[in-house]
Amino acid sequence: MLIAHMDTVYLKGMLAKQPFRVDGNRAYGLGIGDDKAGVAVILHTVAMLKALNFREYGTLTVLINGDEEISSPAGRNQFSKLGPEQDLVMSHEGSPIANDNLSLATAGIAAVTLK
Ligand SMILES: [Zn+2]
C-alpha cells in the first residue's frame with residue numbers, strides 16, 4: 001500500500017503571496033514538500049508500472065487522505081483497516097533531511113480522552 005495526503009497546513013490566501021512555480025526541473029510552492037510531492041511520486045509510480053505492464057505484486061493499494069494535518073480523524077479508520085492487510089506500507093511523506101535515508105519511524109501525534 002502506498003500512502004500520502006493531499007491536505008496542507010497553509011491558510012487560505014497564502015498562495016497569492018507564494019504562487020506555485022516551476023524553475024528548471026524543480027517545482028516550488030506551498031505544500032510541495034508536505035505532501036504534494038508524495039502524491040506526485042505515487043501517481044507517477046503507478047503510471048510507470050502500468051506502462052511497463054508490471055504486475056509482480058498481489059495487490060497494490062493507494063490511499064491518499066485529506067485530513068492528515070489534523071490527525072486523520074476521517075482517514076484513520078481506512079488506514080487502520082487496510083494497513084494490517086498489507087505486506088508493506090510505504091508512506092510518501094517528505095523527509096525533512098534531503099538525503100537517501102529511508103525513514104522507518106517518525107514522530108506522530110495522538111489524541112486521548114480522559115474520563
Ligand atoms: Zn505531511
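The rules behind the values
Residues numbered from 1 in each chain as written. Predicted model: local features only at pLDDT ≥ 70, side-chain atom pairs only at ≥ 80, totals over all residues. Heavy atoms only, no water. 1 Å grid on protein atoms, 1.4 Å probe; cavity = no way out; pocket = protein on both sides within 12 Å on 5 of 7 lines; lining within 4 Å. Points joined across faces, edges and corners; volume = space filled by probe spheres on them. Helix = DSSP H or I, 4+ residues; strand = E, 2+ residues; numbered from the N terminus. Nonpolar A, V, L, I, M, F, W, Y, C, P; charged D, E, K, R; others polar. Donors = N, O, S within 2.8 Å, 3.2 Å for Na, K, Ca; no water. Tetrahedral: all angles 85-135°; square planar, octahedral: opposite > 155°, others 65-115°. Buried < 20%, exposed > 50% of the residue type's maximum accessible area, 1.4 Å probe, protein only. Patch = residues over 30% accessible without salt bridge, like charges linked within 9 Å, V, L, I, M, F, W, Y side chains within 5 Å. Areas by Shrake-Rupley, 256 points an atom, 1.4 Å probe, with all protein chains shown as cover. Salt bridge = Lys/Arg side-chain N within 4 Å of Asp/Glu carboxyl O. Polar contact = N/O pair within 3.5 Å; in protein donor to acceptor, adjacent residues only side chain to side chain. Contact = heavy atoms within 4.5 Å.

Caption draft 1: View of the layout of surface pockets. Considering only enclosed or pocket space, the largest pocket measures out at about 1400 Å³ in volume. Considering the residues around the largest pocket, the lining is formed by 38 residues, among which Ile3, Ser91, His92, Glu93 and Thr106 are closest to the centre. Ranked by the residues each element gives to the lining of the largest pocket, the list is headed by helix H2 (residues 32-51), at six residues. In terms of residue class, the lining of the largest pocket is built from 15 nonpolar, 17 polar and six charged.

Caption draft 2: Structural view of the coordination of the zinc ion. Of the protein atoms, only His5 (NE2), Asp34 (OD), Glu93 (OE) and Glu93 (OE) coordinate the zinc ion, at distances of 1.9 to 2.5 Å. The site at the zinc ion holds four donor atoms, and with the angles between them running 55 to 137 degrees, its shape is irregular. Given the relative accessible area of 2%, His5 is considered buried.

Caption draft 3: Region of interest: a nonpolar patch on the surface. A grouping of Met48, Leu52 and Phe54 is seen on the molecular surface, where their side chains present a nonpolar patch of about 320 Å² in accessible area. If you trace the backbone, Met48 turns up in helix H2.

Caption draft 4: Representation of the pattern of salt bridges. Here the structure, examined in full by the defined rule, presents two salt bridges. Between Arg21 and Asp23 there is a salt bridge, and its shortest N-O distance comes to 3.9 Å. Of the residues examined, Arg21 reaches a relative accessible area of 44% and is grouped as partly exposed. With a relative accessible area of 45%, Asp23 lands in the partly exposed category.

Caption draft 5: Highlighting the side chain of Asp35. When you line up the elements, Asp35 lands in helix H2. Within the structure, the side chain of Asp35 is placed 3.0 Å from the backbone nitrogen of His5, a separation counted as a polar contact. Residues contacting Asp35, with those up to four places away along its chain left out, are Ala4, His5, His92, Glu93 and Gly94.

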